Amino acid sequence: ILVHGFKGFKDWGFFPPTAEYFAKHGYFVVSFNFSHNGVSEEKPEEFVERALFEQNTFSLEVEELSELVDLYRDGFFGDPFDEKIFLLGHSRGGAEAILAASRKDAISAVGAWAPAATLDRYTEAQKKRWRENGVFEVLNARTKQVMRLGTGLLDDLEENGDALDVVQAVRELDKPLFIAHGEQDLAVPIREGETLYEAADKKKTVFKRFPSTGHTFHSSHPYEGSNPTFDELLESTRAFFDAQSE
């Protein structure tokens, strides 16, 4: 199951070729949009559902990911090929994949590309203004849209902080974990991947550093084709999941 991140969607950049790559290598792949990620079925690559985006929370996304795992096990996508279920998430999606896997026994292993070690990425001054204004504005660099986060997301962080603690989830994971991180990542610095690795069971965890690359491993949207870094990322991730399939 592929898990997109913040301001992401299932058809962003490298997700379709990632799905195709794993499908060609024998995996049953599910790629999906979170219900409140802001895109619509009619315009799957545009943030036209900004009211939904504003109402989104971390807990909602983790819950939806867990529900998707249950749907797969219940045969919603057809007879499962294998009882082993792997999650592969990018950025915030990597963090949420870890959170879901720490709670659900049905998930066998997790891959996390450029995962966030914390979902609370806001200063106290930002939170104060957030409360005062009722929204927190973020710029979508690709579309130049100003997108709003409602106070429900802030409430979620404050009320469910322990349940959304990614580092603690890694400590409790007790499952194989693959972490890949670019050394030049400006959105989620590599120290966050290192923090998660330090908290993980080293016997079950692989941490792969990618020098001279950033948050999306030299990929962009629209997708412009693969590159040596992304090819290596795909191959190393598949090698990890193949090892868990034996």
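Small disclaimer: the values here were computed from a predicted structure and weren't measured.

Caption draft 1: Layout of the sheet that holds strand E6 (residues 177–182). Read from one edge of the open sheet, five strands run E1-E2-E3-E6-E7, paired in parallel fashion. The outermost strands of the open sheet, each flanked by one partner alone, are strand E1 (2–3) and strand E7 (205–210). Sheet contacts for helix H3 (residues 58–73): E1, strand E2 (85–90) and strand E3 (107–113); angle to E2, the most-contacted strand, approximately 150°.

Caption draft 2: How the structure looks around the pattern of salt bridges. Taken as a whole, this structure holds 17 salt bridges when the rule is applied. Taking the shortest distance from any N to any O, the salt bridge between Arg92 and Glu61 comes out at 3.3 Å. Taken together, the residues span a long stretch of sequence, with Arg92 in helix H4 (residues 92–103) and Glu61 in helix H3 at a distance of 31 residues. Side by side, Arg92 and Glu61 carry an identical accessibility label, which is buried. Across the salt bridge formed by Glu124 and Lys127, the nearest N and O atoms sit 3.7 Å from each other.

Caption draft 3: The packing of H3 against H4, seen in detail. Where H3 contacts H4, the axes come no closer than 9 Å and their chain directions differ by 60°. With respect to H4, the axis of H3 lies oblique. Both H3 and H4 take part in a crossing whose hand is right-handed. For the pair formed by H3 and H4, the contact residues are Phe58, Glu61, Val62, Leu65 and Ser66 on the first element and Arg92, Glu96, Ala97, Leu99, Ala100 and Arg103 on the second. Each residue belonging to the contact of H3 with H4 can be placed in one class, and the counts come to six nonpolar, one polar and four charged.

Caption draft 4: Broad picture of helix H1 (residues 15–24). When we look at burial in H1, the residues that qualify are Phe15, Pro17, Thr18, Ala19, Tyr21 and Phe22. In the stretch just after H1, Gly26 is the one whose phi turns positive, near 95°.

Caption draft 5: Examining H4 more closely. An ideal rise of 1.5 Å per residue puts 16 Å on 12 residues; H4 measures up with 17 Å between its terminal C-alpha atoms. For H4, a buried count of 10 out of 12 residues is recorded, marking the element as mostly surrounded by other parts of the structure. Along H4, the residues classified as buried are Arg92, Gly93, Gly94, Ala95, Glu96, Ala97, Ile98, Leu99, Ala100 and Ala101.

Caption draft 6: Representation of the environment of Phe22 within the structure. Topologically, Phe22 is positioned in helix H1. For Phe22, a relative accessible area of 5% corresponds to the buried category. C-alpha separation for the pair Phe22 and Glu235, spaced 213 residues apart in sequence, amounts to 9.7 Å. In contact with Phe22, not counting residues within four places along its chain, are Tyr27, Val29, Leu88, Leu234, Thr237, Arg238 and Phe241.

Caption draft 7: Spotlight on the side chain of Asp156. Tracing the sequence through the fold places Asp156 in helix H6 (residues 151–159). For the buried residue Asp156, which engages in no salt bridge, the nearest side chain bearing the opposite charge is Arg92, 7.7 Å off. If we skip the residues at most four places from it in the chain, Asp156 touches Thr57, Phe58, Ser59, Gly161 and Leu164.

Caption draft 8: Seen up close, the nonpolar core. Residues Ile1, Ile98 and Trp113 are the most contacted members of the largest nonpolar core, which totals 75 residues. Discounting chain neighbours no more than four positions away, the residues touching Ile98 are Val110, Ala112, Val166, Ala169, Val170, Leu173, Leu177 and Leu196.

Caption draft 9: Quick peek at the pairing of E2. Taken across its six residues, E2 has six buried, putting it largely inside the fold. Burial along E2 is two-sided: Ile85, Leu87 and Gly89 facing one way and Phe86, Leu88 and His90 facing the other are all buried. The pairing of E1 with E2 spans two bridges and is classified as parallel. Considered in E2, the bridge of Val3 is made with Gly89. Where E2 and E3 come together, six bridges link them in parallel fashion. Bridge assignment links Ile85 to a residue of E3, and that residue is Ile107. In terms of handedness, the path from E2 via H4 over to E3 forms a crossover that is right-handed.

Cut-offs applied
Residues numbered from 1 in each chain as written. Predicted model: local features only at pLDDT ≥ 70, side-chain atom pairs only at ≥ 80, totals over all residues. Heavy atoms only, no water. Pairing = 2+ DSSP bridges. Helix = DSSP H or I, 4+ residues; strand = E, 2+ residues; numbered from the N terminus. Contact = heavy atoms within 4.5 Å. Axes fitted to C-alpha atoms, helices over the stretch in contact; angles between N-to-C directions. Salt bridge = Lys/Arg side-chain N within 4 Å of Asp/Glu carboxyl O. Buried < 20%, exposed > 50% of the residue type's maximum accessible area, 1.4 Å probe, protein only. Parallel < 35°, antiparallel > 145°, perpendicular 65-115°, else oblique. Left-handed = near helix turned anticlockwise from the far one by under 90°. Nonpolar A, V, L, I, M, F, W, Y, C, P; charged D, E, K, R; others polar. Expected span 1.5 Å × (residues − 1). Lys, Arg positive; Asp, Glu negative; His and termini not counted. Core = buried A, V, L, I, M, F, W, Y, C linked by side-chain atoms within 4.5 Å. Right-handed = clockwise from strand over helix to strand, strands pointing away.

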